[in-house]
Amino acid sequence: MADLRINLAGIKSPNPFWLASAPPTNTGYQVQRAFESGWGGAVWKTLGDPIINTSSRFAAVHFNGHRVAGFNNIELITDRPLDVNLKEIYETKKLFPDRALVASLMVEPKREKWHEIVKKVEAVGVDGLELNFGCPHGMAERGMGSASGQQPDLVERQTYWVKEAARTPVIVKLTPNITDITATAIAAARGCADAISLINTINSLAGVDLDSWNTIPHVAGKGSHGGYCGPAVKPIALNMVAECARNAKVSIPISGIGGISDWKDAVEFLLMGATGVQVCTAVMHHGFRIVEEMIDGLTNYLDSKGIERVSDLVGRAVPRYTDWGNLDLNYAVTARINTETCINCNKCYIACEDTAHQCIERAQDEESGASYLKVREEDCVGCNLCAIVCPVEGAIDMVEQPAAGVPMSWNERQAAIAKLSMKGA
Ligand SMILES: Cc1cc2nc3c(=O)[nH]c(=O)nc-3n(C[C@H](O)[C@H](O)[C@H](O)COP(=O)(O)O)c2cc1C
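Reading guide: rules and limits
- Residues numbered from 1 in each chain as written.
- Predicted model: local features only at pLDDT ≥ 70, side-chain atom pairs only at ≥ 80, totals over all residues.
- Heavy atoms only, no water.
- 1 Å grid on protein atoms, 1.4 Å probe; cavity = no way out; pocket = protein on both sides within 12 Å on 5 of 7 lines; lining within 4 Å.
- Points joined across faces, edges and corners; volume = space filled by probe spheres on them.
- Helix = DSSP H or I, 4+ residues; strand = E, 2+ residues; numbered from the N terminus.
- Nonpolar A, V, L, I, M, F, W, Y, C, P; charged D, E, K, R; others polar.
- Axes fitted to C-alpha atoms, helices over the stretch in contact; angles between N-to-C directions.
- Parallel < 35°, antiparallel > 145°, perpendicular 65-115°, else oblique.
- Left-handed = near helix turned anticlockwise from the far one by under 90°.
- Contact = heavy atoms within 4.5 Å.
- Phe/Tyr/Trp six-rings, centres within 6.5 Å; stacked < 30°, edge-to-face > 60°.
- Buried < 20%, exposed > 50% of the residue type's maximum accessible area, 1.4 Å probe, protein only.

Trainee: Explain the layout of surface pockets here, please?
Mentor: A water-sized probe rolled over the atoms picks out the places where empty space is left. Taken as a whole, the largest pocket encloses approximately 160 Å³ of empty space. In this structure, the largest pocket is lined by 13 residues; those nearest its centre are His66, Pro231, Ser261, His285 and His286. Taken together, the elements giving at least two residues each to the lining of the largest pocket come down to β6 (66-73) and α9 (281-286). Counting residues per element, the lining of the largest pocket draws most heavily on α9, which supplies four residues. Split into classes, the residues belonging to the lining of the largest pocket amount to four nonpolar, six polar and three charged.

Trainee: I would appreciate a short explanation of the packing of helix α6 (residues 181-190) against helix α7 (residues 234-245) in the present structure.
Mentor: When two helices pack together, their arrangement is given by the angle between their axes and by how far apart the axes lie. The contact between α6 and α7 brings their axes to 9 Å, and the two run at 50 degrees. In terms of their interaxial angle, α6 and α7 are classed as oblique. The crossing of α6 and α7 is right-handed. Judged by residue contacts, Ile181, Thr182 and Ala185 of α6 engage Met240, Glu243 and Cys244 from α7. Tallied by class, the residues present in the contact of α6 with α7 amount to four nonpolar, one polar and one charged.

Trainee: Would you explain the packing of aromatic side chains in this entry?
Mentor: One pair of aromatic rings is described through two measures. These are the centre distance and the angle between the planes. Going through the model one piece at a time under the given rule, you end up with four aromatic pairs. Both rings, one in Phe58 and one in Phe71, keep their centres 5.3 Å apart while their planes meet at 55 degrees; by these two values the pair is tilted. Of this pair, Phe58 sits in strand β5 (residues 58-63) while Phe71 sits in strand β6, and the two are 13 residues apart along the sequence. A relative accessible area of 35% places Phe58 in the partly exposed class. Between Trp263 and Tyr301, the ring centres sit 5.5 Å apart and the planes meet at 45 degrees, which makes this aromatic pair tilted. With Trp263 in helix α8 (residues 263-271) and Tyr301 in helix α10 (residues 290-305), the pair connects residues that are 38 residues apart, well separated along the chain.

Any functional reading would require information beyond the geometric quantities listed.
Next up, the structure:
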């Protein structure tokens, strides 16, 4: 059986599945139950000066019958006294010495504040620290969370202050509410972070009630922006992880977070460079026990591929992720409709006719006279839209075509043109 153990910058855990810092890691009772279910690690709900939370604080986007396609919250960091949390962290670590127990921290951007809290949490036996530079609401207005995390120099300086005092590995948790995630990832690396984790939540407003005109959620008739997470954010998170993984200036381990709901999502993050993953929304939706299927699924996947260790998977897809300018402009696929499985719903025809390249038409079978949908391959640009909207799995295939010429990317093309014009000059 494949070895699922990971070592993230010196923090060891029996599998790559950690709970992210959030409501599921609020108390010792919860984290201990999660560990009993099999979670390999947990990042405790962010510690700092305890705050007062609002009543009514979560909302979800239900999409087309799918509950919790996205999740929105205006919750802040822990509202429990620091000494209570520290006592429970100590007890939890004693009960589960083989699990990764990481303390998430958020304090004002002052050197002595960071030193003080680092010493307190390390004294109770945590395996590592995660600096929360990510929460987009509430704490940001107080100069913390994403207000810090959006400024590379503040990320670097605060990471450095933490490293001055820390004895355990330091993970910097990044906010996605920034134009270029690698700017703050590089800043964390420059500040001597041992790892980065991403993403925290994305600025969001879940909705507006059509009758009361209140925001969703609202607190006594008023709302403010929250943080978005859950399945809807996975592609954003995956891209940000991949951008960090392929940037040589980042070059520290990554803990992947954002919309991970099952073992397949986790494998995608591992392939794109994450050493381990963290989960929040899926656990809030379905409970701690989802980890059992995650462990089984990942084990079976690795065994079926003949991969001995989960660590052998990390980053394997990163070399396949590049700048657009490096993509081969002579590569071509075209759509092919499988008349055996096509149900003639016309979804592909409408999509292609109204919004793509008008290359699907009706044809007639000479013998039976039955009409069927057919792609005019010479006009198909291989955009994939027909296959995407098709409701029947396998009814439309995107088929690779013989290359129109030698592989040639935009960058290569521009370089060749420049060379020619030099010769001509
Ligand atoms: C209700 C709620 C509270 C959260 N609180 C924290 C927090 O205290 N500290 C933190 O670093 N992240 C917090 N997060 C963000 C999560 O740790 C995680 O980064 C985010 O939800 C993305 O993961 P997911 O898509 O699996 O939910 C919170 C998320 C939710 C939904």
